[in-house]
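# Breakdown of the fold
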Amino acid sequence: MKHLNKTAMAIAVAHIGVMSGTSAWAQTTPAEPQPATPAETKVVVVSGQRAALQSAQKIKQDSDEIVDSINADDIGKLPDRSVTEVLQRVVGVTIDRSMAGDPQHYAVEGSGVAIRGLNYVRSELNGRDSFSANGSRSLSFEDVPPELMAGVDVYKNPSAEQIEGAISGLVNLRTAMPFDYKGFRGAISGQMSYSTLREGKATPSTSLLLSDRWQTPFGEFGLLVDFAKSQSDTRTDNFQIEPYYPRDNLVPGKTVWVPKGVTWRTMEFERERKGQYAAAQWRPNRDLTASLTYFKSSYQNSWSEQAMLMSHATPYAIQVANGVYGANGALLSGTLSDPENGGINLNPDRRVSSRDSSTTDIALNVQWRVNQDWTIRNDFQRIRARTSALDSDVATGLRLQKQGLDLTGGLPSLIFDDADRAALANPNNYYWGYTMEHLDRSTASNNVWKTDFQRNFDHAVARDLRFGVRFTDRKSNTQNSNPSYNWQPITQPWMLGWNIPTLAYLGDPRFGSEARVHQFNNFFNGSASVPAAVFPADALARGYPDSYETLHGYHTVLCQEQAAIQGWGDCAPWKKATFGTDPAEINNVSEKTRAFYTQLRFGFDDLKYPVDGNIGVRYVKTDMKAAGYTVLAPNTTVIPPGAAVVGVPIPDIRAFSSPGDFQNTYNNVLPSLNLRLKGNDGWQFRLALAKAISRPDFNKLQAYNSLSQVVNSSVDPVTGAVNVSNVSLTGEAAGNPMLRPTTSTQLDLTAEWYFKPGGSLTLALFNKRLKDIVVDQLVNVQLPDTAGAMHNFAVTSPVNGAKGHARGFELAYQQYYDSVPDWLKGIGVQASFTFVDSKRDLYNPVYSAYCSGSADGAVNLNLNINGCDTDGRVFGDLPLQGLSRRSGNLALMYDRGPVSARVAYNWRSRSLQAVNTYGARGTDGKDTNPASPTYGAENLAWGLPLWAEAYGQVDASIFYKITEKLSIGLEAQNLNDVQFRQTMDQHIGNMNHTWFKTGPRYTAQLHYTF
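My aim in this report is to walk through the structure given alongside it, one point at a time. (Residues numbered from 1 in each chain as written. Predicted model: local features only at pLDDT ≥ 70, side-chain atom pairs only at ≥ 80, totals over all residues. Heavy atoms only, no water.)

### With respect to the nonpolar core
Selection rule: Residues belong to one nonpolar core when they are buried, are Ala, Val, Leu, Ile, Met, Phe, Trp, Tyr or Cys, and are joined through side-chain atoms within 4.5 Å. Burial classes follow relative accessibility: with a 1.4 Å probe on protein chains only, a residue under 20% of its type's maximum area counts as buried, one over 50% as exposed, and anything between as partly exposed. Residue contacts are counted whenever heavy atoms from the two residues lie within 4.5 Å of one another.
If you look at the biggest cluster of nonpolar residues, it comprises 65 residues, and the most contacted ones within it are Phe 239, Tyr 244, Trp 264, Leu 336, Leu 414, Trp 432 and Phe 523. Ignoring any residue separated from it by four or fewer positions in sequence, one finds Phe 523 in contact with Arg 235, Asp 237, Asn 238, Phe 239, Trp 264, Arg 265, Ala 528 and Val 530. Grouped together as the second largest cluster of nonpolar side chains are 33 residues, Val 83, Met 149, Val 152 and Ala 279 included.

As structure tokens, then:
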């Protein structure tokens, strides 16, 4: 059954294609000539999604490169609610369902985009570079208003005239221009959206487009303006099973695996997205055209969650009553408790996050047709992007006395009696737990000048020669608070007895900050039930930093009491994370590029099977500068006066903080060849060969090295001598300004059959061979001691340290069926399937059968690359992150008369999301390595591979034309109410970890064109 699920869509696409092929061949078979009369002549006008499908297919068929497109059904009307959701309909494109870089939170409209399994994606707006200020090199597509788009093109292979940087693919967002229309055009739309899980009020969206053109004594002028604004309010509910720990003290003679428990949360998300676009065109004569465009996309989003977070520090003390275990030893059901430590420690948190971002693009283009042979195009562009965010988390604490679990169903079942529920809802049982803040602020800019020349030929083979230059000056400045996520305890159970005498309970009148009992109503749309709990008030999370100072003042009160009792103690006041003052926070990178290309377009039209295409080469030089620091903070070992020092010598390296500027220059030569062979009856074949690059993201180029010298020593109780057992010289690099781009040598082959307007069956084979993939590895950084002797620091740094491949095939089919009974006319099908196989090989492999050490940071390479279980055993042989081997789309369409409808199913197989990420990591693993000197210890760093399981979502829409200009419609997302599920690898199997539920969402729409 599992095998059938993985291949069903591929079989369906091929089967439908073969069936339609019979119909198409029949349609092209010559029939007996029939006399036609003028009365029998009919003009068929195609509109709506059928017309959009036909125009997109024409782009694909006639393009010099391999490209897939989606066009708007009408002015300002792409077929989905976001650009990200539009992109997932393109064969070979997948989207991530988690928030960018955060697998613990769900993105309702999706986030990152991958093409053919790789995330080396470049983005353009109208053929020009475009990006967001998030440290990457591409747009956050979910933040771009889809109402401003006329279409989206996805290029799968490059040509020399295209801007470099897209190994996996290029996404070009197209907007309308005033000369696209014959005269005055306008469109206005309004929508109201409703989330069934969040409930509450529906949220509005509006858009307006106006365009006109005029003939004047100075030539023809055109002006277009487009505005869009949308509000989206959604909610996500979540269950999470904690990782399982090996236990040999619960069932005699047997090792069983038990989690700390099950946690739950709910998150409410609000996003306001705005778009402004204006385009002016001027054509004084037929040989000269100038255009000026202004584009601004901005959004403000905020989310607030109330989550029962696990923070229990003694997993091996948890007791299980009435435990039932599976064949693999994993707990299936039972009641968990930890009476030895006062209960299972949870931290119910109120977390709020807000972000404000925008991208502004101004471009001027002038095209001059000098004569019938020569055309010159000049392009000037200025991009400015910014983003800023505050993420604030305040938590109470609770020692849960017991938790009943049943993990045998589709969702975890939590079992609490009336006393448990009453205790959970009683604020007096809670204490103030911790605070955590994060701030970031980024700006990015790019100034671009590009000039292209085109020489047309009146020749049997050569069609035109294109060549040009492009100069860019790009800057990126990113600031993160330091520490980036500044977690600071207020009171925690592990602080008792040495730092504080008691916890800061909410029932103590000294610690009476505001808290609320939250009822988890309509949890999982009523399909699950969880008890109410006590959370900090929203104002405490939003009141940073003043509210933080108040809460940490409670710790000061208790710490001073403990210090008075024991006669010593450090009661240092809380310090907020620095922001804007520490060099460790800042990543300042500038990059200049100079590119030249030449490309010849040719065609052999006299051959039996005509061949055309282009061949060219692009040369680009990149000059990069990064301003940074190298910081050393050695720990000091106190040597008693007169004591002897034996063992490993301690180098005398002074602490310092040294600024340093780094420069990196590299050149790339990028040849490309695109060929097309035209067969009979709508057949054509393509071959594409190219070399492509993808430069490292700017957040990988930060020039900041943090070095440390750690001395491990002990004092002999008899002689008083200090025995130095080890001196560790290590470090961690925030980035590496000397990184080179990842390169790819790629081959594409396609077979394409266009058997009717809007009807096609295509197969694409691809193979991308990657070099210099960026991974973390150990490098040596040398520093002198006070005597001038050099010492090597083992520093974890991003390096060009791996090679790999991504290869596979795409199969796509689309057709409207006309040779069917009258009652079925208007029916159409669109289907696609993609298979990708990938592999990554490190230049210097990092693997051992067991993990070691308690450090879970980047310095633990074996852990971060291969993953480690809670018993210390390593996984290894993991695929590329974010890659689904299989993905597909299936859409049933209907267009007839005033009705246009679609039901679309998008599916992708499981993919590796992360290794050693929050929620599936820790430092309390058990050392089971028989050769380890610390065998049996329970302080091992561990981190599990986290997987996104197969996900398939049904969306639908139906529109009705009341008149030729006025239409109404209803759209639905997640109509099948599917849950997004994550699993975690452990050596007992692939275990359930997390479920996310968002519920269906509906949008009513009114659209008027004039």
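From this point on, the discussion continues.
### Considerations on a nonpolar patch on the surface
Applicable threshold: Residues qualify for a patch when their relative accessible area is over 30% and they have no salt bridge, like charges being joined within 9 Å and the nonpolar side chains of Val, Leu, Ile, Met, Phe, Trp and Tyr within 5 Å. Throughout, the Shrake-Rupley method with a 1.4 Å probe supplies accessible areas, and for residues the shown protein chains are the sole cover considered. Should a side-chain nitrogen of Lys or Arg be within 4 Å of a carboxyl oxygen of Asp or Glu, the pair is scored as a salt bridge. Only runs of H or I of at least four residues qualify as helices and only runs of E of at least two qualify as strands under DSSP, and these elements are numbered from the N terminus.
Together, Tyr 194, Ile 958, Leu 970, Leu 975 and Tyr 1002 make up a nonpolar patch on the protein surface, roughly 420 Å² of accessible area in all. Inspection of the secondary structure assignment puts Tyr 194 in strand E10 (residues 185-195).

### A word on the environment of Ala 389
Note that Ala 389 resides in strand E20 (residues 374-400). Separated by 32 residues in the primary sequence, Ala 389 and Ser 357 place their C-alpha atoms 8.7 Å from one another. With residues up to four places along the chain from it excluded, the contact list for Ala 389 reads Ser 354, Arg 355, His 438, Leu 439 and Asp 440.

### Focus on empty space enclosed by the protein
Note the following rule: For cavity detection a 1 Å grid was placed over the protein atoms alone, and a set of points counts as a cavity when a 1.4 Å probe fits there but cannot get out; an open set counts as a pocket when protein lies on both sides within 12 Å along at least five of seven lines, with lining residues being those that have an atom within 4 Å of a point. Grid points are joined across faces, edges and corners, and a volume is the space filled by probe spheres set on the points.
Taken as a whole, this structure holds 15 cavities of 30 Å³ or more when the rule is applied. A volume near 530 Å³ is recorded for the largest cavity. Together, 30 residues line the largest cavity, and Leu 53, Ser 69, Ile 70, Gln 814 and Gln 830 are the ones closest to its centre. For the lining of the largest cavity, the leading source of residues is helix H2 (residues 48-62), giving six residues.

### A few points about the side chain of Asp 871
Here Asp 871 is to be found in the loop between helix H7 (861-866) and strand E39 (886-896). When sequence neighbours within four positions are dropped, the list of residues in contact with Asp 871 reads Pro 246, Trp 257, Lys 926, Thr 928 and His 987.

### Quick notes on H2
This is how it is decided: Expected span of a helix, by definition, is 1.5 Å for each gap between consecutive residues, and there is one gap fewer than residues.
In this model H2 runs 22 Å from its N-terminal to its C-terminal C-alpha over 15 residues, within 8% of the 21 Å that 1.5 Å per residue would give. The set of residues buried in H2 consists of Gln 49, Arg 50, Ala 52, Leu 53, Ala 56, Gln 57, Lys 60 and Gln 61.

### Things to note about the sheet that holds strand E9 (residues 169-174)
The condition that has to hold: Here, a strand pair is defined by DSSP locating no fewer than two bridges between the strands. Between the N-to-C directions of two axes lies an angle of 0 to 180 degrees, each axis being a line fitted to C-alpha atoms and, for a helix, fitted only over the stretch in contact.
Read from one edge of the open sheet, five strands run E1-E8-E9-E6-E7, paired in mixed fashion. This sheet does not close on itself; its edge strands, each paired only once, are strand E1 (67-71) and strand E7 (128-129). Across five bridges, the pairing between strand E6 (residues 121-125) and E9 is parallel. For Ser 123, the partnering residue across the bridge sits in E9 and is Val 171. Relative to E1, H2 is tilted by about 155°, and along the sheet it contacts E1, strand E8 (151-155) and E9.

### Looking at the state of the cysteines
Our working rule: A pair of cysteine sulfur atoms is labelled a disulfide when the two atoms are within 2.5 Å.
If you walk through the whole model with that rule in mind, you get two disulfides. Between the sulfur atoms of Cys 559 and its disulfide mate Cys 571 the distance is 2.0 Å. For the disulfide bridge between Cys 559 and Cys 571, the dihedral angle about the S-S bond is near -90°, and by the sign convention the bridge is left-handed. Of this pair, Cys 559 sits in helix H6 (residues 546-566) while Cys 571 is found in the loop between H6 and strand E28 (586-604), placing the two residues twelve residues apart along the sequence. Sequential numbering of the bridged cysteines in the protein gives the disulfide pattern 1-2, 3-4.

### Here's the deal with the sheet that holds strand E17 (residues 319-325)
Here four strands make up an open sheet; going across it, the order is E17-E18-E21-E22 and the pairing antiparallel. Taken across any chain shown, the strands that pair with only one partner, and hence form the sheet edges, are E17 and strand E22 (413-415). Neighbour-to-neighbour, the strand axes of the sheet open up by a mean angle of 15°, direction not taken into account. Two strands pair when backbone bridges link them, and strand E18 (residues 331-337) and strand E21 (residues 403-406) are joined in this way by four bridges, in the antiparallel orientation. Note on E21: the bridge partner recorded for Leu 336 is Gln 403.

Interpretation in functional terms is not warranted from these geometric data alone.
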